Amino acid sequence: MTERLARGDALLIVDVQNDFCPGGALEVPGGDAVVPVLNRWIEAAREARIPIYASRDWHPENHISFVDRGGPWPPHCIQNTQGAAFHPDLQLPEEAVIISKGTDPGRDQYSAFDDTGLAKRMREQGVQRVWTGGLAQDVCVRASVLDGLGEGFAVHLVQPATRPVDVNPGDGERALADMREAGAIIEEEPEPAP
Ligand code: VGL
Ligand code: ZN
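Residues numbered from 1 in each chain as written. Chains lettered and ligands numbered in written order. Predicted model: local features only at pLDDT ≥ 70, side-chain atom pairs only at ≥ 80, totals over all residues. Heavy atoms only, no water.

A word on helix H4 (residues 171-182)
- For H4, built from twelve residues, the straight-helix expectation of 16 Å at 1.5 Å per residue is met to within 8% by its first-to-last C-alpha distance of 16 Å.
- Buried within H4 we find Asp171, Gly172, Ala175, Leu176 and Met179. End-on, the buried residues of H4 take up no more than an arc of 140°, which puts them together on one face. Residues of H4 that are exposed and angled more than 90 degrees away from the buried face: Glu173 and Glu181.
- For H4, the elements touching its buried residues are helix H3 (140-150), strand S5 (154-163) and strand S6 (185-187). (Helix = DSSP H or I, 4+ residues; strand = E, 2+ residues; numbered from the N terminus. Expected span 1.5 Å × (residues − 1). Buried < 20%, exposed > 50% of the residue type's maximum accessible area, 1.4 Å probe, protein only. Arc of directions from axis to C-beta. Contact = heavy atoms within 4.5 Å.)

See the structure below:
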């Protein structure tokens, strides 16, 4: 059973964007299945009046992570395209804070905490514990969870709210193990505590 959301908590939704969902440029298998789960967490976060942050991969056309520049990924999440938009069913409220990353053509930024000011913002809001989910479990969620722990936050990963891209079989499982070892709490329940 998960603990109740309370003051000092925050919800961090990582990269729930069309390009990471089925039919997108960098498809995560079953990626869209995280949307209804995260919508319940958004509702619970609003009821508990805790801050909601949503990161997005927000690349220029010539980003260094793209195959044509020798990177590992097909072009994806290009600024102001449909692929970069949040999944249309994700019920992000007006007050959600959007964190854009991967905007520098020459540098990757997998973590929502990497040079985005997110940790500072969270501290200013009195955040101590972060509940998170999103895409992809073995890339940006993993990097964000590890950085969040490194910044001194308690981090709870809602496992039913994330999916791996699994470029190599087992990447998702290894990412879970890495996060757990680093001190993240892996929550198996899809629902927030009532
Ligand atoms: C991501 C691959 C490339 C992610 C971003 O959000 O997990 N994955 N860029
Ligand atoms: Zn990217």
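Right, picking up where we left off after that structure.
Quick word on the pattern of salt bridges
- Going through the model one piece at a time under the given rule, you end up with 13 salt bridges.
- Of the charged contacts in the structure, one is a salt bridge between Lys101 and Asp57, with a shortest N-O distance of 3.1 Å. Within this pair, whereas Lys101 is found in strand S3 (residues 97-101), its partner Asp57 is found in strand S2 (residues 52-57), the two being separated by 44 residues in sequence.
- We classify Lys101 as buried; its relative accessible area is 0%.
- What makes Asp57 buried here is its relative accessible area of 3%. (Salt bridge = Lys/Arg side-chain N within 4 Å of Asp/Glu carboxyl O.)

What about the coordination of the zinc ion (ligand 2)?
- Note on the zinc ion (ligand 2): its protein donors are Asp57 (OD), His59 (NE2) and His76 (NE2). The metal-donor distances range over 2.0 to 2.2 Å.
- Note that the zinc ion (ligand 2) binds four donor atoms; their angles at the metal cover 86 to 169°, and the shape is irregular.
- Sequence spacing among the residues donating to the zinc ion (ligand 2) works out to D-x1-H-x16-H. Here the residue His59 occupies a position in the loop between S2 and S3, and His76 occupies one in the loop between S2 and S3, the gap between them amounting to 17 residues.
- The buried category is assigned to His59, whose relative accessible area is 1%. (Donors = N, O, S within 2.8 Å, 3.2 Å for Na, K, Ca; no water. Tetrahedral: all angles 85-135°; square planar, octahedral: opposite > 155°, others 65-115°.)

As for the sheet that holds S6
- Strand order in the open sheet formed by six strands is S3-S2-S1-S4-S5-S6, with parallel pairing between adjacent strands. For this open sheet the edge positions go to S3 and S6, each flanked by a neighbour on one side alone. Strand-to-strand twist in this sheet, taken as the mean axis angle between neighbours without regard to direction, amounts to 25°.
- In this sheet, S2 lies alongside strand S1 (residues 9-14) in parallel orientation, the contact comprising four bridges. Following the sheet pairing, Leu12 is matched in S2 by Tyr53. (Pairing = 2+ DSSP bridges. Axes fitted to C-alpha atoms, helices over the stretch in contact; angles between N-to-C directions.)

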